[in-house]
Amino acid sequence: MTAPPLPPPGAPLPHYVSDRPFDPRSIERLSPAQERVYLASQWRLMWWKFKRHRLAVASGLFLAVLYASILVSELLAPYNYQTRHIDHIYAPPQAIHLFHEGRFVGPFVYGQTYTLNMSNLKREYSPDPAAVHPIRFFCRGDGYTFWGLVESDVHLFCPAKDGTLFLLGTDRLGRDVLSRIIYGARISLTIGILGVAISFVLGLVFGGLAGYYGGFVDLVIQRIIEVLQSLPSIPLWLALAAIMPVTWSPMIVYFAITVILGLIDWTGLARAVRSKLLSLREEDYVLAAQLMGANAPRIVGRHLVPGFMSHLIASATLAIPSMILGETALSFLGLGLRPPVTSWGVLLTEAQNINIVALYPWLLLPAIPVILVVLAFNFLGDGLRDAADPYK
Amino acid sequence: MLLYIVRRILMMIPTLLLTSALVFTIMELPPGDYFESYMAELQAQGEGVDKAKIEFLKQEYGFDKHPVERYFIWLAGLVQGDLGYSFEYQMPVADLVGSRIMLTVLVSFATIVLTWLIAFPIGIYSATHQYSWGDYGLTFLGLLGIAIPNFLLALVLMYLANVWFGTSIGHLMAPEFMGQPMSWAKLGSILAHMWIPVIVIGLAGTASMIRKIRANLLDELQKQYAITAKAKGLHPFKALVKYPLRSSLNFFVGGIGGILPEIVSGAEIVAIVLSLETTGPLLIQALQSQDMYLAGSFLMFLALLTVIGVLISDIALAFLDPRIRLQGKSTR
């Protein structure tokens, strides 16, 4: 639109009327794109915001794949996690090759020849260039009971008929490290989730009670939290773990440890819930609910908690890594899970002394999934936390 | 102010009583006690059990009495400054802990100083260069520091130090200096060994510190006064350090209280891996062998330090930040 020329200085300004049709709502009206944003639900907004954090999305996918894999660990692992190969104790990882003497043979590994070095009694393995062991796919190998129900022996990939396939080496009993890592994921990944679930419930209940009722209840719960937080967590784990009778089966020990991890971790969450509730309960809609006769659990559960649920989920996600690391630490001290239950922490107990680092460094490999999972949960939690408040 | 401090100190009493009850319960819960296993061990070795001594100890610590009674005896001792007697080391707990506390404080103090020295510049850089490659890289490194189980890092560093520098494995000094009086050579040996635990223990702390500094400083930098300061041409350094940084440090001052118990306990697991002569392994060992007065009294000592530390933080916060009022009603 071209503006009319300005009148000379001193002359009155002409009366200007736009002849375009007048629409009093033109400013309020939203473009379709705006409308999409303004009418979107809170969760949809969060999803949009979350999607922008690429690393968080990638981490989420990575974790989803890992969690899916624990459903079919038996299928994915080339060996059963308890199968011992007495001839291959402390065997180093075998590399995958594609070409043998310039000829393409598909993925295969070279066999290993074993010699005992008589001067220092060290087991020495060297690849045997004559023995080509192609990897088989969808094949029959070690037997297992799928989820304790169905007998089967099908694996995604397994070694050649009388060859070996130790992609990450073997441990002191000749068990395949890769298979043990795959099986260990089952325990390590669920222990964090269960522990956080327990601490989540405890945190919500106690934080909710303290925040909503205030006064004496608040005072007592605050003191309990203070007491728990004034003790260092590792001794507390230790002491609780030491209470467990030795006669308990490894499975009960597993659940007990999740409970221990959860029991100690809830205090932070309870504090967050409490402070949120303290500010939210002053809102008008709470007064309205009270006037309409809603009881306390309903007000907290129906009106207050949804208001900060997203924050809680984000902080719970950030708490999972510390649980996984906690399990590793407990198992490392020999107070966590016990064989035959296999977690990454249990696997790492094999790598306790410096000789292992010097002689059999592949036994440190279970640390890599631990690191990756902890990183992924941190990124995911960061993304969730950023997305938790989509109106900001 | 004085009134507030007095009230807080009075509040500490029920908290510490609760803690002591919890600690004692935890100590009591595992089946059996130290004397049973100790006597069994002596008998298994075929040594004559010094009945008189054990009877004396049992009497002294009331192991023939009901646990509740024993709890009050222990508590009365604690109040009078008697930490009890370590069965395993056969010496008073106070002496045992005291002999190790020097090195522990040394290691922890170095760790904390290193953490601050690294975390502050990086945190400030990350916050002022948000979403830059430097920020991403440093954040990633920081997360990596959290993600690596630190006992593992300790093992690997110890091995590398041995291979590259020929540092002797584990402990805080070379074997020939153990039990020797302090000398320059011994100090040098301690320094040569100390960097591994300092780095390993400091790593995770540094990482979380960087994240906290970054988040808090970012919050401040977005406020209007910070923008105004920049807009009216205040020197960039002053516009960063003098106002936003200062007011973003509340979390830091609030955390100072937590340092007190940290300095004394040290990182337990790393200390075990590196077989450091600090108090951490002592505590873990005591918990495992049910050496209950050693473990219990030490835990109580840590709890006391925590409570005092929190009090110090609160007072320091009130001094540093005039917005925080202690006397007024904070919450209804």
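Thresholds, definitions, all that
- Residues numbered from 1 in each chain as written.
- Chains lettered and ligands numbered in written order.
- Predicted model: local features only at pLDDT ≥ 70, side-chain atom pairs only at ≥ 80, totals over all residues.
- Heavy atoms only, no water.
- Helix = DSSP H or I, 4+ residues; strand = E, 2+ residues; numbered from the N terminus.
- Buried < 20%, exposed > 50% of the residue type's maximum accessible area, 1.4 Å probe, protein only.
- Contact = heavy atoms within 4.5 Å.
- Pairing = 2+ DSSP bridges.
- Buried area = accessible area lost by both parts, 1.4 Å probe.
- Salt bridge = Lys/Arg side-chain N within 4 Å of Asp/Glu carboxyl O.
- Polar contact = N/O pair within 3.5 Å; in protein donor to acceptor, adjacent residues only side chain to side chain.
- Nonpolar A, V, L, I, M, F, W, Y, C, P; charged D, E, K, R; others polar.
- Axes fitted to C-alpha atoms, helices over the stretch in contact; angles between N-to-C directions.
- Patch = residues over 30% accessible without salt bridge, like charges linked within 9 Å, V, L, I, M, F, W, Y side chains within 5 Å.
- Areas by Shrake-Rupley, 256 points an atom, 1.4 Å probe, with all protein chains shown as cover.
- Domains from an automatic or database assignment.
- 1 Å grid on protein atoms, 1.4 Å probe; cavity = no way out; pocket = protein on both sides within 12 Å on 5 of 7 lines; lining within 4 Å.
- Points joined across faces, edges and corners; volume = space filled by probe spheres on them.
- Disulfide = S-S within 2.5 Å.
- Lys, Arg positive; Asp, Glu negative; His and termini not counted.
- Charge placed at Lys NZ, Arg CZ, Asp CG, Glu CD.
- Expected span 1.5 Å × (residues − 1).
- Left-handed = near helix turned anticlockwise from the far one by under 90°.
- Phe/Tyr/Trp six-rings, centres within 6.5 Å; stacked < 30°, edge-to-face > 60°.

**Q** Looking at this structure, I do not really get the overall build of chain B. What am I missing?
**A** Helix and strand counts for chain B come out as 14 helices and two strands. Its C-alpha atoms put chain B at 85 × 60 × 35 Å along the principal axes. For chain B, the residues scored as buried account for 43% of the 332 residues in total. Across chain B, every contact between residues at least 6 apart in sequence was considered, and the portion connecting residues at least 24 apart equals 73%.

**Q** Help me out: how do you make sense of the pairing of strand β5 (residues 150-158) of chain A in this one?
**A** Regular strands place side chains that alternate from one sheet face to the opposite one. Residue and element names in this part refer to chain A. Taken together, the seven bridges between strand β4 (residues 136-146) and β5 define a ladder with antiparallel strand orientation. Counted as the bridge partner of Cys 139 is His 155 from β5. Following β4, the chain reverses through three residues before pairing antiparallel with β5; Trp 147 in that reversal takes a positive phi of roughly 50°.

**Q** Any chance you could explain the interface of chain B and chain A here in plain terms?
**A** Accessible area lost upon the coming together of the parts serves often as the stated size of an interface. Each partner contributes to the interface: chain B provides 39 residues, whereas chain A provides 43 residues. Buried surface at the junction of chain B and chain A, summed over both partners, amounts to about 3600 Å²; 80% is from carbon and sulfur atoms. Remark: the boundary between chain B and chain A carries one salt bridge. Note that Asp 382 of chain A and Arg 211 of chain B form a salt bridge whose closest N and O atoms lie 2.9 Å from each other. On the surface where chain B and chain A come into contact, there are two residue pairs in polar contact (both at pLDDT 80 or more). Looking at the side of chain B that touches chain A, the element that brings in the most residues is helix α1 (residues 2-28) of chain B, giving seven residues. Of the residues assigned to the side of chain B that touches chain A, the class counts are 31 nonpolar, five polar and three charged.

**Q** So what exactly am I meant to see when it comes to the sheet that holds strand β3 (residues 122-134) of chain A here?
**A** For sheets, the rule is that strands pair by backbone hydrogen bonds, running either parallel or antiparallel. All names here are of chain A. Spatially, three strands are ordered β1-β2-β3 in an open sheet, and the strand pairing comes out antiparallel. The sheet is open, and its two borders are formed by β1 (97-100) and β3, each paired with just one other strand. Pairs of neighbouring strands in the sheet enclose a mean axial angle of 55°, with direction left out of account. Relative to strand β2 (residues 103-117), β1 runs antiparallel, the two being bridged by three bridges. Considered in β2, the bridge of His 97 is made with Phe 108.

**Q** Explanation requested: the pattern of salt bridges in the structure shown.
**A** Think of it this way: side chains of opposite charge can pair up when their charged atoms draw near. Evaluated as defined, the whole model comprises 12 salt bridges over all chains. Arg 8 of chain B is the salt-bridge partner of Asp 314 of chain B, the closest N and O atoms lying 2.5 Å from each other. Here Asp 314 of chain B is found in helix α14 (residues 292-320), whereas its partner Arg 8 of chain B is found in helix α1, with 306 residues between them in sequence. We classify Arg 8 of chain B as partly exposed; its relative accessible area is 21%. One connected set of salt bridges, linked through shared partners, spans Asp 171, Arg 172, Arg 175, Arg 180 and Glu 350 of chain A.

**Q** Honestly, a nonpolar patch on the surface in this entry has me stumped. Any pointers?
**A** Residues Phe 216, Leu 219, Val 220 and Ile 224 of chain A together with Met 11 and Leu 18 of chain B make up a contiguous nonpolar surface patch of about 510 Å² in total accessible area. Put simply, the parts of the chain that give the nonpolar patch at least two residues each are α6 (215-230) of chain A together with α1 of chain B. Examining the composition of the nonpolar patch, we find that four residues originate from one element, α6 of chain A, more than from any other. Relative to the helices and strands, Phe 216 of chain A is located in helix α6. What makes Phe 216 of chain A exposed here is its relative accessible area of 63%.

**Q** Explain the domain arrangement of chain A to me, please; I cannot follow it from the model alone.
**A** The domain boundaries assigned to chain A delineate domain 1 (94-165) and domain 2 (179-387). A separation of 40 Å is found between the C-alpha centroids of domain 1 of chain A and domain 2 of chain A.

**Q** What am I meant to see in the layout of surface pockets here?
**A** Empty pockets left among the atoms are what a rolling probe the size of a water molecule brings to light. All names here are of chain A. Approximately 460 Å³ is the volume found for the second largest pocket. Surrounding the second largest pocket, 17 residues form its lining, Glu 74, Tyr 81, Tyr 183, Arg 186 and Ile 187 being those nearest its centre. Of all the elements in the fold, those that place two or more residues in the lining of the second largest pocket are β4, α5 (177-213) and α8 (250-280). Top element by residues in the lining of the second largest pocket is α5. It accounts for four residues. Within the lining of the second largest pocket, the residues separate by chemical class into nine nonpolar, six polar and two charged.

**Q** How should the state of the cysteines be read in this particular structure?
**A** Simply put, disulfide is the name for a covalent bond between the sulfur atoms of two cysteines. All names here are of chain A. Following the criterion strictly, the structure yields one disulfide over all chains and no others. Two residues, Cys 139 and Cys 158, share a disulfide whose sulfurs are 1.8 Å apart. Of the two residues, Cys 139 sits in strand β4 while Cys 158 sits in strand β5, which places them 19 residues apart along the sequence. Cys 158 gets classed as buried once you look at its relative accessible area, which sits at 1%.

**Q** I'm lost on empty space enclosed by the protein in this one. Help?
**A** Residues and elements named next belong to chain B. Counted according to the given criterion, the structure contains two cavities of 30 Å³ or more. Space inside the largest cavity adds up to approximately 80 Å³. Counting only elements with at least two residues in the lining of the largest cavity, the list comes to α7 (150-165) and α8 (184-221). Counted by class, the lining of the largest cavity contains seven nonpolar, six polar and no charged residues.

**Q** When you look at a positive patch on the surface in this model, what are you seeing that I'm missing?
**A** A contiguous patch of positive charge on the surface is contributed by Lys 232, Lys 238, Lys 242 and Arg 246 of chain B. Under the relative-accessibility criterion, Arg 246 of chain B is labelled exposed at 57%.

**Q** Is there a simple way to think about α7 of chain B in this case?
**A** Given a rise of 1.5 Å per residue, 16 residues ought to cover 22 Å, and the 21 Å separating the end C-alpha atoms of α7 of chain B matches this to within 8%. Inspection of α7 of chain B places Phe 151, Leu 152, Leu 153, Ala 154, Leu 155, Leu 157, Met 158 and Ala 161 of chain B among the buried residues, and these make up the whole buried set.

**Q** What's the story with α1 of chain B in this structure? I'm lost.
**A** An α-helix turns once per 3.6 residues; consequently, residues spaced three or four apart project the same way. Here α1 of chain B contains 27 residues, and its C-alpha end-to-end distance of 39 Å stays within 8% of the 39 Å for a straight helix at 1.5 Å per residue. All buried positions along α1 of chain B are accounted for by Tyr 4, Met 12, Thr 15, Leu 16, Thr 19, Ser 20, Val 23, Phe 24, Ile 26 and Met 27 of chain B.

**Q** Before we go on, may I ask you to explain the packing of helix α5 (residues 93-128) of chain B against α8 of chain B in this structure?
**A** A packed helix pair is summarised by two numbers, namely the angle formed by the two axes and the spacing between the axes. Residue and element names in this part refer to chain B. Interhelical geometry of α5 versus α8 gives an angle of 35° and a closest axis separation of 5 Å. For the pair α5 and α8, the sense of crossing is right-handed. Grouping the constituent residues of the contact of α5 with α8 by class yields 23 nonpolar, eight polar and one charged.

**Q** Which parts of the structure should I look at to understand the packing of aromatic side chains?
**A** For the structure shown, the criterion picks out 19 aromatic pairs over all chains. In this structure an aromatic cluster arises from ring pairing among Phe 24, Tyr 71, Phe 72 and Trp 74 of chain B.

**Q** Help me understand the packing of helix α9 (residues 284-291) of chain A against helix α10 (residues 296-332) of chain A, please; the structure alone is not making it clear to me.
**A** Residue and element names in this part refer to chain A. The N-to-C vectors of α9 and α10 enclose an angle of 145°; their axes lie 11 Å apart at closest approach. α9 and α10 meet at a crossing whose hand is right-handed. Seen from α9, the contacting residues are Tyr 285, Val 286, Ala 289 and Gln 290; seen from α10, they are Ile 299, His 303 and Leu 304. Looking at the contact of α9 with α10 residue by residue, the class counts come to five nonpolar, two polar and no charged.

**Q** Sorry if this is basic, but what is going on with unusual backbone geometry here?
**A** Trans is the prevailing form of peptide bonds, just as negative phi is the prevailing case for residues other than glycine. Although it is not a glycine, Phe 138 of chain A adopts a positive phi angle of roughly 45°. Within the fold, Phe 138 of chain A resides in strand β4. Backbone geometry places Ser 275 of chain B, a non-glycine residue, at a positive phi of 40°. Tracing the chain through its elements places Ser 275 of chain B in the loop between α12 (268-273) and α13 (279-288). For Ser 275 of chain B, a relative accessible area of 30% puts it in the partly exposed group.

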